[in-house]
Amino acid sequence: MTKNNPLQMEQLSDSAYYILLALLTPKHGYAIMKYIEELTEGEVRMGPATLYTLIKKLQKSGYILLNEDEDERRKTYQITSSGTALVEAEIERRLRMSRHGNIAQLNAKEALTHEN
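Remember, predicted model here, so these are calculated numbers, not experimental data. (Residues numbered from 1 in each chain as written. Predicted model: local features only at pLDDT ≥ 70, side-chain atom pairs only at ≥ 80, totals over all residues. Heavy atoms only, no water.)

*Asks:* I tried to follow the pairing of strand 3 (residues 76-79) on my own but got confused; where do I start?
*Replies:* Consecutive side chains of a regular strand alternate in pointing toward one face of the sheet and then the other. Across two bridges, the pairing between strand 1 (residues 27-28) and strand 3 is antiparallel. Paired with His28 across the bridge in strand 3 is Thr76. Here strand 2 (residues 64-67) pairs with strand 3 via four bridges, running antiparallel. Across the sheet, Leu66 pairs through a bridge with Tyr77, a residue of strand 3. (Pairing = 2+ DSSP bridges. Helix = DSSP H or I, 4+ residues; strand = E, 2+ residues; numbered from the N terminus.)

The structure is reproduced here in structure tokens:
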């Protein structure tokens with residue numbers, strides 16, 4: 001964890017990150033899986049075992065809630081305010097990491113150019 005993270009929360013796994021992104025609007029389990037697949041253009045596919053294991057962990061941590069629904073067979077989940085804050089911090093962290101990667105690539109290319 002970085003020292004400048006004001007939330008002082010754990011970093012999300014890729015799967016948990018995508019679940020929270022999906023739950024920026026309330027969804028049931030199957031809709032979460034389909035949203036992630038569509039968002040990532042098929043690059044990420046999540047199975048039910050992974051999804052529901054992480055949903056339980058995210059619920060226990062207070063990042064998502066189960067909505068009481070009239071249809072007990074279709075459970076709808078929504079992100080909490082702390083879950084929203086966490087996913088926003090994670091987006092920023094991943095953007096910083098991407099910038100760091102771009103800088104490292106440029107530095108390496110410059111170094112190789114100066115060696116030749």
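*Asks:* How should the sheet that holds strand 2 be read in this particular structure?
*Replies:* Paired through their backbone hydrogen bonds, the strands of a sheet run either parallel or antiparallel. Ordered in space as 1-3-2, the three strands form an open sheet in which the pairing is antiparallel. The sheet terminates laterally at strand 1 and strand 2, the two strands that pair on one side only. Against the sheet, helix 3 (residues 48-60) touches strand 2 and strand 3, its axis set at about 105 degrees to strand 2. (Contact = heavy atoms within 4.5 Å. Axes fitted to C-alpha atoms, helices over the stretch in contact; angles between N-to-C directions.)

*Asks:* Even after reading the chapter, I still don't get helix 2 (residues 29-39), so can you show me in this structure?
*Replies:* For an α-helix, the turn length of 3.6 residues means that residues three or four places apart are oriented alike. Among the residues of helix 2, those classed as buried are Gly29, Ile32, Met33 and Ile36. Down the axis, helix 2 shows its buried residues gathered within 95 degrees of arc, on one side only. Turned more than 90 degrees off the buried face of helix 2, the exposed positions are Tyr30 and Glu38. Contacts from the buried residues of helix 2 go to helix 1 (14-22), strand 1, helix 3 and strand 3. Backbone geometry just downstream of helix 2 places Glu41 in the positive-phi region, at approximately 50 degrees. (Buried < 20%, exposed > 50% of the residue type's maximum accessible area, 1.4 Å probe, protein only. Arc of directions from axis to C-beta.)

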